[in-house]
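# Structural features, examined
Here's the letter readout for the chains.
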Amino acid sequence: MKRLGILTGGGDAPGLNAVIRAAVKTAISVYDCEVFGIRNGYDGFLDADGIVPLGLEEVRGILPRGGTILGSANRGNPYARKVMRDGLEVTIDVSNEIVKGIEKLKLDALLVLGGDGTLRIAHELWQKGAPVIGVPKTIDNDIGGTEVTFGFDTALNIATEALDRLHTTAESHHRAMVLELMGRDAGFIALQAGLSGGADVILIPEIPFKFESIMNKIRARAEMGRKFSILAVSEGAKSLEGRQVFSRKGDEIYVPRLGGIGQVVGEYIENQGFESRVTVLGHLQRGGTPTSFDRSLATRYGAAAVRLAAQGGFDRMVALRCGRIADIPLEEATSIPKRVKMDDDAVITARNIGISFGDESKAKKKVEF
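These numbers come from a predicted model, not from an experiment.

Once that is clear, we can look at the sheet that holds strand 1 (residues 3-8). Pairing between the strands of a sheet is mediated by backbone hydrogen bonds and can be parallel or antiparallel. Pairing is mixed across the open sheet formed by seven strands, whose spatial order is 3-2-1-6-7-14-15. Lying at the two open borders of the sheet, with one neighbouring strand each, are strand 3 (51-53) and strand 15 (324-329). Averaged over all pairs of adjacent strands, the angle between strand axes in this sheet comes to 30°, irrespective of strand direction. In the packing of helix 1 (residues 16-31) onto the sheet, contacts are made with strand 1, strand 2 (34-38), strand 6 (109-114) and strand 7 (132-136), and the angle to strand 1 comes to roughly 180°.

Below you can see the structure in the form of structure tokens.
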């Protein structure tokens, strides 16, 4: 292995720079390998200034930095790239150009840091001959085959701190405080933050809720003298009778943008006679300094990905399993996305301690381990 490429695709997440740093240092120090960064995801192969050399000096001091020094693109699908032709917006497939770009750079391996969409594209490029290796990145923690993705722990800590802060003002003003968190199809952030932050109600995409069940919890607390409530709500949560709430429509390529379910829930609570306030945490969950755990995990992933590349382990993804770094096929990682399951101990524990999911289920009296 003489030449290695690195790109970061999809939404940014804390820990991306830590992966880049570890990969560059390992590639240079252990394998005497040249490293190139591809800017703005797969688009970098198509841009004149999209390739940049990465040496030890370029990665100095980036370990604690959020974001990515290479830039990212969550709309950079080479199989469906939008361009203007004759004044009209059309969709074209430039995947062959990406493969040619990899060959032109004479890359022996390309590390792809991304979520399920970016990694799925990597697998498809491997089928065209690209020597790709995946590194799982997403704050949603919804990539299959790995216990945790880097970025999740940082987002979870930010969400938990927000719930802690909302507690004091909620109790002072006797309000129901709704915190809308990220989580399109997987509710891991809301679930874990709700447990850690003492939420009274947790709404996640995997468990459709009833508005009246939410109110039952709020009224029960009020009757006990607890005149405030805390609700942790995934952006992808939906009622039993309704659908997910979107702030922007999608099209044949770009998925619609979620947002607004927190406001819907807050307004319903207001209409039932309880004062409420809604906070949308949004991209605060993505930004800022990664936690110690995310820095460590990202560093381990970066070094392991280079070792895997040196072994020719293409079309695979590094993963955390039983506390150790392993590797699995990319197809396995992307074919079955990870979701919160009803028998997860976190869900059962939440029910045991009285947290409502807005459904009618009761806490199990006995749990088998």
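Structure's up, so let's keep going.
It is worth spelling out the environment of valine 112 at this point. Secondary-structure assignment places valine 112 in strand 6. The exposure class assigned to valine 112 is buried, which follows from its relative accessible area of 0%. A C-alpha to C-alpha distance of 26 Å links valine 112 and isoleucine 158, two positions 46 residues apart in sequence. Excluding residues that lie within four positions of it along the chain, valine 112 makes contacts with Leu7, Tyr42, Thr118, Leu119, Ala122, Val132, Ile133, Gly134 and Val135.

Attention now moves to the pairing of strand 15. One ladder, built from six bridges, connects strand 14 (residues 316-321) with strand 15; its direction is antiparallel. By the bridge assignment for strand 15, alanine 319 is matched with alanine 326. Between strand 14 and the antiparallel strand that follows it, strand 15, lie two residues; cysteine 322 among them carries a positive phi value of about 55°.

In this section: the packing of helix 4 (residues 152-173) against helix 5 (residues 188-196). Relative orientation of the contacting elements helix 4 and helix 5 amounts to 50°, with a least axis distance of 9 Å. One way to sum up the angle between helix 4 and helix 5 is to call them oblique. Crossing of helix 4 over helix 5 shows right-handed handedness. Across the interface between the two elements, Phe152, Ala155, Leu156, Ala159, Thr160 and Leu163 of helix 4 pack against Phe188, Ile189, Gln192, Ala193, Gly194 and Ser196 of helix 5. Split by residue class, the contact of helix 4 with helix 5 holds eight nonpolar, four polar and no charged.

In this section: the pattern of salt bridges. What the rule picks out here adds up to 13 salt bridges. For glutamate 161, the salt bridge identified is with arginine 165, shortest N-O distance 3.0 Å. Taken together, the residues glutamate 161 and arginine 165, both in helix 4 and four residues apart, mark about one turn of the helix. The exposed category is assigned to arginine 165, whose relative accessible area is 57%. Of the charged contacts in the structure, one is a salt bridge between aspartate 200 and arginine 221, with a shortest N-O distance of 3.0 Å. Remark: arginine 221 occurs in helix 6 (residues 211-223) and aspartate 200 occurs in the loop between helix 5 and strand 9 (201-203); sequence separation between them is 21 residues. Among the charged side chains, a network of salt bridges with common partners joins Arg175, Glu270, Glu275 and Arg277.

Definitions and cut-offs
Residues numbered from 1 in each chain as written. Predicted model: local features only at pLDDT ≥ 70, side-chain atom pairs only at ≥ 80, totals over all residues. Heavy atoms only, no water. Pairing = 2+ DSSP bridges. Helix = DSSP H or I, 4+ residues; strand = E, 2+ residues; numbered from the N terminus. Axes fitted to C-alpha atoms, helices over the stretch in contact; angles between N-to-C directions. Contact = heavy atoms within 4.5 Å. Buried < 20%, exposed > 50% of the residue type's maximum accessible area, 1.4 Å probe, protein only. Parallel < 35°, antiparallel > 145°, perpendicular 65-115°, else oblique. Left-handed = near helix turned anticlockwise from the far one by under 90°. Nonpolar A, V, L, I, M, F, W, Y, C, P; charged D, E, K, R; others polar. Salt bridge = Lys/Arg side-chain N within 4 Å of Asp/Glu carboxyl O.

All quantities given are derived from atomic positions and should not be read as evidence of function.
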